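# Descriptive structure summary
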Amino acid sequence: MNNKTREITLVALLSVIISISGTFKLPGLIPGTEFQMSAPIAIGICSTFGFKRYISAGIIASMINLIMGTHTILNVIVAMTFRVVAGSLIGILGSNIIVVSTAGIVGTAVGRVVMASITGTPFKALLLSALPGMIYTLLSSYFVYKTIEKIVKVTPYKSFIKKYDKKENAVVNIKEELV
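First, a word on what this report is: a plain description of the structure on this page. (Residues numbered from 1 in each chain as written. Predicted model: local features only at pLDDT ≥ 70, side-chain atom pairs only at ≥ 80, totals over all residues. Heavy atoms only, no water.)

### Some points on the pattern of salt bridges
The final tally for this structure, using the stated rule, is two salt bridges. The salt bridge involving Arg-53 is made with Glu-7; its shortest N-O contact spans 2.8 Å. With Arg-53 in helix H3 (residues 51–68) and Glu-7 in helix H1 (residues 3–21), this pair connects stretches of sequence that are 46 residues apart. Judged by relative accessible area, which is 10%, Arg-53 ranks as buried. Ionic pairing is found between Lys-146 and Glu-149, a salt bridge with its closest N-O pair at 3.1 Å. Of this pair, Lys-146 and Glu-149 both sit in helix H6 (residues 123–152), three residues apart, roughly one helical turn. (Salt bridge = Lys/Arg side-chain N within 4 Å of Asp/Glu carboxyl O. Helix = DSSP H or I, 4+ residues; strand = E, 2+ residues; numbered from the N terminus. Buried < 20%, exposed > 50% of the residue type's maximum accessible area, 1.4 Å probe, protein only.)

### Structural notes on the layout of surface pockets
Estimated volume of the largest pocket: approximately 840 Å³. In terms of lining, the largest pocket is formed by 36 residues, of which the most central are Gln-36, Ser-38, Asn-75, Val-78 and Arg-112. Mapped onto the lining of the largest pocket, the elements with two or more residues apiece are H1, strand S2 (35–36), helix H2 (38–49), H3, helix H4 (73–93), helix H5 (97–119) and H6. Among the elements that line the lining of the largest pocket, the one with the most residues is H4, at seven residues. Taken together, the residues that form the lining of the largest pocket break down as 14 nonpolar, 18 polar and four charged. Taken as a whole, the second largest pocket spans an internal volume of roughly 270 Å³. In terms of lining residues, the second largest pocket is bounded by 14 residues, among which Ile-17, Phe-49, Ile-148, Ile-151 and Val-152 are the most central. By residue number, the principal contributor to the lining of the second largest pocket is H6, which donates five residues. Looking at the lining of the second largest pocket, its residues break down into 12 nonpolar, two polar and no charged. (1 Å grid on protein atoms, 1.4 Å probe; cavity = no way out; pocket = protein on both sides within 12 Å on 5 of 7 lines; lining within 4 Å. Points joined across faces, edges and corners; volume = space filled by probe spheres on them. Nonpolar A, V, L, I, M, F, W, Y, C, P; charged D, E, K, R; others polar.)

### Some details on the side chain of Ser-141
Note that Ser-141 resides in helix H6. Exposure remark for Ser-141: the relative accessible area of 0% places this residue in the buried category. In this structure the side chain of Ser-141 is engaged in a polar contact, spanning 2.7 Å, whose partner is the backbone oxygen of Thr-137. Discounting chain neighbours no more than four positions away, the residues touching Ser-141 are Pro-40, Ile-43, Val-100 and Ser-101. (Polar contact = N/O pair within 3.5 Å; in protein donor to acceptor, adjacent residues only side chain to side chain. Contact = heavy atoms within 4.5 Å.)

### Digging into the environment of Lys-150
Position of Lys-150 relative to the elements: it lies in helix H6. Judged by its relative accessible area of 65%, Lys-150 falls in the exposed class. For Lys-150 and Thr-48, which are 102 residues apart along the polypeptide, the C-alpha to C-alpha distance reads 9.6 Å.

### Describing the environment of Asn-3
Position of Asn-3 relative to the elements: it lies in helix H1. Judged by relative accessible area, which is 42%, Asn-3 ranks as partly exposed. As for Asn-3 and Tyr-157, which are separated by 154 residues in sequence, their C-alpha atoms are 9.7 Å apart.

### What about H4?
Between the first and last C-alpha of H4 there are 30 Å, a value that for 21 residues agrees with the 30 Å anticipated at 1.5 Å per step. All of the buried residues along H4 are Val-76, Val-78, Met-80, Thr-81, Phe-82, Arg-83, Val-85, Ala-86, Gly-87 and Ile-90. Against the buried residues of H4 lie H1, H2, H3 and H5. The first or second residue beyond H4 is Gly-94, which carries a positive phi of 95°. (Expected span 1.5 Å × (residues − 1).)

### Quick look at the nonpolar core
In this structure, Ile-43, Ile-45, Phe-49, Tyr-54 and Phe-82 are the most contacted members of the largest nonpolar core, which totals 28 residues. Listed by contribution, the elements that provide at least two residues to this core are H1, H2, H3, H4, H5 and H6. The contact partners of Ile-45, leaving out residues within four places of it in the chain, are Leu-14, Ile-17, Ile-18, Gly-50, Tyr-54 and Ile-148. (Core = buried A, V, L, I, M, F, W, Y, C linked by side-chain atoms within 4.5 Å.)

Put into structure tokens, the structure is as follows:
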């Protein structure tokens, strides 16, 4: 399989994973505080494969969810806000434990700012209801990232793994390092 075919296949697979993981929710103690599994999975995907693939897969996932009726336009706006903010943090600052653990929290908080401005709901109420999920994301994102990276390293897609190179202060492709 050539590289373009692998790239298209990878982005399609990632979009389905993001799409499906958004439907799984852990219940919260208070109604409205459930946690979507897609947040740490999305962070893991972005950290492993890079911002460009992540945002492409996220756009496709949002289209899938809209077509299937599992998300509304508001869901998509909030999800895309999360993706741009969290993905940008990872893309700019790298995939170290602090960035990976906190990117989801920042993305969720900014998503709640956007939701508050669209719906007129008080920001504090939206943030408070998201707090349990933010804690889950904080605790699980780095573990999910390392798990995804470990799994991908034993597949034909290992050449697509991104990592942060502190020496050159840039994102590099592992495949380029091996050559």
